[in-house]
Amino acid sequence: MLQKLLPVIVIIVAGAVGGGGGFFAKSMMSGGDKEAAHEEGEDRHGKEKKKKSGGHGEEEAGSTSYMKFSRQFVVPVVRRGKPKSMVILDINIEVDNSQNESVYALEPRLRDALLTRLLALAGEDMLPQMLEDVEKMELMKAALLETSREIMGDAALNILILDLGIQNY
């Protein structure tokens, strides 16, 4: 009879010891986090440091933040029905901090509108030429800003092109 109960008793005791150890470790960790947060919030002279707020794809810079798209934009450049090159763009939109959370709900509509505009610009031969002509790049950014403002309103402040790649065929 004792041989049948011994494994059950060992499991219960091990569970209680493990649970107690886990509770102890958690209480020690949360106490350490409070001290670390206190040290992070103030330097040695008692002055408060400004903390960066990290959210979904946003970086704080004054009163603006940056909306980062989840994927890059891939735009084919087609001439006479044949693909000539492929343009890959990593685009961010500078937004007002007061509306930075609400703009992520608009991401699907923004991607659709920006991709449509990029395809139109590719048809006008703007995308391949923007590497050689800075004015073409600025015209493209202005067109994309206009498109994003149609959806976001005045929350869109600027278009940032972080990365650009062109693959010729």
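Residue numbers run consecutively from 1 along every chain, following the written order of its sequence. Confidence filtering applies because this is a predicted model: local features only for residues at pLDDT of at least 70, side-chain atom pairs given and counted only at 80 or more, and all residues used for totals across whole chains, interfaces and linings. Side-chain measures were taken over the full set of non-hydrogen atoms in the model, leaving aside hydrogen atoms and water.

Engineer: Help me get a handle on a nonpolar patch on the surface, residues and values and all.
Structural biologist: Distance thresholds for patches are 9 Å for like charges and 5 Å for nonpolar side chains (Val, Leu, Ile, Met, Phe, Trp, Tyr), applied to residues having over 30% relative accessible area and no salt bridge. Every accessible area reported is derived by Shrake-Rupley at a probe size of 1.4 Å, with residue values counting cover from the shown protein chains alone. Just to be clear on terms, a salt bridge is a Lys or Arg side-chain nitrogen sitting within 4 Å of an Asp or Glu carboxyl oxygen. Taken together, the side chains of L5, I9, V13 and V17 define a hydrophobic patch exposed on the protein surface, amounting to about 350 Å² of accessible area. Within the secondary structure, V13 sits in helix α1 (residues 2-41). A residue is classified by how much of its surface remains accessible, and V13, at 47% relative accessible area, is partly exposed. Each helix is a run of H or I in the DSSP string that is no shorter than four residues. Each strand is a run of E no shorter than two, and both are numbered from the N terminus. Only protein chains enter the accessibility calculation, which uses a 1.4 Å probe; a residue is then buried when its area is under 20% of its type maximum, exposed when over 50%, and partly exposed in between.

Engineer: I'd like a description of the packing of aromatic side chains, backed by residues and values.
Structural biologist: Between rings of Phe, Tyr and Trp, where Trp is taken as its six-membered ring, a pair exists when centres lie within 6.5 Å; planes separated by under 30 degrees are stacked, by over 60 edge-to-face, and by other angles tilted. Considering all chains together, one arrives at 1 aromatic pair under this definition. Relative to F73, the ring of F69 has its centre 5.1 Å away and its plane inclined at 80°; by these criteria the two rings are edge-to-face. Each member of the pair, F69 together with F73, is buried.

Engineer: Which residues make up the pairing of strand β1 (residues 64-68), and what values do they have?
Structural biologist: Counting buried residues in β1 gives 4 out of 5 residues, a clear majority hidden from the surface. Strands pair, by our definition, only if DSSP identifies at least two bridges between them. In this structure, β1 lies alongside strand β3 (residues 82-96), joined through 5 bridges in antiparallel fashion. Considered in β3, the bridge of S65 is made with V95.

Engineer: Describe the environment of M130, listing the residues and the values that go with them.
Structural biologist: With respect to the helices, strands and loops of the structure, M130 is situated in the loop between α3 (126-129) and α4 (134-152). Look at M130 and you get buried, because its relative accessible area is 3%. Residues M130 and M140 lie 10 residues apart in sequence; the distance between their C-alpha atoms is 8.2 Å. When checking whether two residues touch, look at their non-hydrogen atoms; a contact exists if any pair is within 4.5 Å. Not counting the four nearest positions on each side in its chain, M130 is found in contact with V87, L89, K136, M137, M140 and L164.

Engineer: With reference to specific residues and values, describe unusual backbone geometry.
Structural biologist: When glycine is set aside, most residues are seen to have a negative phi, and most peptide bonds are trans. Even without a glycine there, the phi angle at R80 is positive, about 55°. Turning to its location among the elements, R80 is positioned in the loop between β2 (73-79) and β3. Judged by relative accessible area, R80 falls into the exposed class, the value being 88%. Unusually for a residue other than glycine, D125 sits at a positive phi of about 65°. Structurally, D125 is set in the loop between α2 (107-123) and α3. What makes D125 partly exposed here is its relative accessible area of 21%.

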